[in-house]
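Chain by chain, the residues run as shown.
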Amino acid sequence: MNAVFLLNTGYLIPLLGFGTYQITGPEKIYNVLDYALNAGYRHIDSAIVYRNEAEIGNALKTLLPKYNLKREDIFITTKIVPSSKHSEQDVENLVKDSLRNLQTNYIDLFLIHWPGASGLQPGDPKNKKQRLLTWKILTKFKKEGLLRSAGVSNFLIKHLEELVDDPEYETPAVNQVEWHPRNHNSTLLDYCREKGIFLQAYSSLGTSGSSSLREDSTVRQIAQKLGKSSTQVLLRWAYQQNIGILPKASSRAHIEENIDLDFVIPDEDMKTLSDLKVKQKFAWDPTVVA
Ligand SMILES: NC(=O)c1ccc[n+]([C@@H]2O[C@H](COP(=O)([O-])OP(=O)(O)OC[C@H]3O[C@@H](n4cnc5c(N)ncnc54)[C@H](OP(=O)(O)O)[C@@H]3O)[C@@H](O)[C@H]2O)c1
Ligand SMILES: *[C@@H]1O[C@H](CO)[C@@H](O)[C@H](O)[C@H]1NC(C)=O
């Protein structure tokens, strides 16, 4: 489970990462990262809005030496949501805050969390101006080495094209999107692959707020046939397609189960999963963002 993908920036990203949305508090963060590093995870997914960067930074100060790891042995991702109020200086300050909170002199991957800017209506054309301003600062810091790679999240093709088609901007290294058998889009995947953008799946397990995807009867049948859990099948489905996965889990048992993906889903079952009749989107929908 240590497969890596070569990003368009020349850096390697582990396909598997540990999702930390809704995990907060020093003790909880310490414990889950302790279980995750012990199990073999080497990639942690955070965001400014998760309010856990400082706790992650503190925990790693103790945990990296505990597992005999150096900073370069792990991959840290965080994200910034654009805002109508942000000046270039504000974005710079926020990136520096993340570096300070994570107690590191570089961040492996910094994402624009969402194409829209907080404080604006989704249809407002100023959204574009704010995300481009944010992108400009992320790529500037990347050139300075404070960020190794920069990317985006929740971007549709129309949002990606603004960066890909304009020589003034760099092509993102990553697009992190909601992606599971009930919500995936081959047009977006093909576009990303053609442009050299690594696709990362989030909410592969259907979020913490719902168990309906993990209880999907088709997923369950395939899991039973393969002698695996539904969760493992959902994760392996994406992983087997060379798509990044970021399972979030709280218990040691779940964390260990989610890295135990060394099995193969036969082609016919991959197709059945990809063709699920039930469509369901759990998280925010960027189609309305101008
Ligand atoms: N860029 C974005 O806009 C965005 C949006 C959403 C998520 N994300 C990222 O993606 C990560 C994952 O997505 P998510 O937080 O929505 O959740 P998720 O990974 O889809 O699902 C988490 C839920 O699955 C449960 N679970 C985990 N392993 C399990 C197992 N082996 N057996 C049974 N249940 C299991 C967890 O339970 P327990 O916690 O009780 O173990 C939790 O309730 C986030 O943490 C975040 O890092 C990014
Ligand atoms: C997939 O994405 C394409 C391009 O953005 C879009 O035209 C199409 O409607 C999407 N398909 C689904 C099923 O959402």
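Residues numbered from 1 in each chain as written. Chains lettered and ligands numbered in written order. Predicted model: local features only at pLDDT ≥ 70, side-chain atom pairs only at ≥ 80, totals over all residues. Heavy atoms only, no water.

### Structural notes on the environment of Asn31
Next, step 1: By the secondary structure assignment, Asn31 is in helix α1 (residues 26-39).
Next, step 2: Asn31 sits in the partly exposed class, given a relative accessible area of 28%.
Next, step 3: Taking the C-alpha atoms as reference points, Asn31 and Arg252, separated by 221 residues in sequence, lie 8.6 Å from one another. (Helix = DSSP H or I, 4+ residues; strand = E, 2+ residues; numbered from the N terminus. Buried < 20%, exposed > 50% of the residue type's maximum accessible area, 1.4 Å probe, protein only.)

### Some details on the packing of aromatic side chains
Next, step 1: In this structure the tally under the stated criterion is four aromatic pairs.
Next, step 2: Taking 4.4 Å as the distance between ring centres and 25° as the angle between the ring planes, the aromatic pair formed by Phe5 and Phe198 counts as stacked. With Phe5 in strand β1 (residues 4-6) and Phe198 in strand β9 (residues 198-202), this pair connects stretches of sequence that are 193 residues apart.
Next, step 3: Centroid distance Trp114 to Trp284: 4.1 Å. Interplanar angle 5°. Geometry classified as stacked. Here Trp114 is found in the loop between β6 (107-112) and α4 (126-144), whereas its partner Trp284 is found in the segment after α10 (267-274), with 170 residues between them in sequence.
Next, step 4: Take Trp284: its relative accessible area is 35%, and that puts it in the partly exposed class.
Next, step 5: It is Arg71 that lies over the ring of Tyr106; its NZ or CZ is 4.0 Å from the centre.
Next, step 6: The positively charged end of Lys140 is found above the aromatic ring belonging to Phe141, 5.5 Å away from the centroid. (Phe/Tyr/Trp six-rings, centres within 6.5 Å; stacked < 30°, edge-to-face > 60°. Lys NZ or Arg CZ within 6 Å of the ring centre and 35° of its normal.)

### Things to note about the packing of α1 against helix α2 (residues 53-66)
The relative placement of two packed helices comes down to the angle between their axes together with the axis-to-axis distance.
Next, step 1: As a packed pair, α1 and α2 sit with axes 9 Å apart at the nearest point and diverge in direction by 40°. When the axes of α1 and α2 are compared, the pair comes out oblique. The interaxial crossing formed by α1 with α2 has right-handed handedness. Along the contact surface, α1 presents Pro26, Ile29, Tyr30, Leu33, Asp34 and Leu37, while α2 presents Glu55, Ile56, Ala59, Leu60, Thr62, Leu63 and Lys66.
Next, step 2: Broken down by class, the residue content of the contact of α1 with α2 amounts to nine nonpolar, one polar and three charged. (Axes fitted to C-alpha atoms, helices over the stretch in contact; angles between N-to-C directions. Parallel < 35°, antiparallel > 145°, perpendicular 65-115°, else oblique. Left-handed = near helix turned anticlockwise from the far one by under 90°. Contact = heavy atoms within 4.5 Å. Nonpolar A, V, L, I, M, F, W, Y, C, P; charged D, E, K, R; others polar.)

### Overview of a nonpolar patch on the surface
Next, step 1: There is a patch of nonpolar side chains on the surface, built from Val4, Leu6 and Leu12 and spanning about 280 Å² of accessible area.
Next, step 2: With respect to the helices, strands and loops of the structure, Leu12 is situated in strand β2 (residues 12-14). (Patch = residues over 30% accessible without salt bridge, like charges linked within 9 Å, V, L, I, M, F, W, Y side chains within 5 Å. Areas by Shrake-Rupley, 256 points an atom, 1.4 Å probe, with all protein chains shown as cover. Salt bridge = Lys/Arg side-chain N within 4 Å of Asp/Glu carboxyl O.)

### Digging into the pattern of salt bridges
Next, step 1: Tallied over the full model, the rule gives 16 salt bridges.
Next, step 2: As a salt-bridge pair, Arg71 and Asp108 come within 2.9 Å of each other at their nearest N and O atoms. Pair noted here: Arg71 is in the loop between α2 and β5 (75-80) and Asp108 is in strand β6, with a separation of 37 residues, a long-range link.
Next, step 3: Measuring nitrogen to oxygen at the nearest pair gives 3.7 Å for the salt bridge that ties Glu194 to Lys195.
Next, step 4: Owing to a relative accessible area of 61%, Glu194 belongs among the exposed residues under this scheme.

### Let's talk about the site of ligand 1
Next, step 1: With respect to spatial proximity, 29 residues lie near ligand 1, and among them Asp45, Ser203, Lys248, Ser250 and His254 are the closest.
Next, step 2: Between Trp284 and ligand 1, the recorded distance is 3.2 Å, taken from a side-chain N or O atom to an oxygen atom.
Next, step 3: Contact with the protein chains removes 89% of the 910 Å² of surface that ligand 1 exposes when unbound.
Next, step 4: The class makeup of the residues in the shell around ligand 1 is eight nonpolar, 16 polar and five charged. (Near = heavy atom within 4 Å. Polar contact = N/O pair within 3.5 Å; in protein donor to acceptor, adjacent residues only side chain to side chain.)

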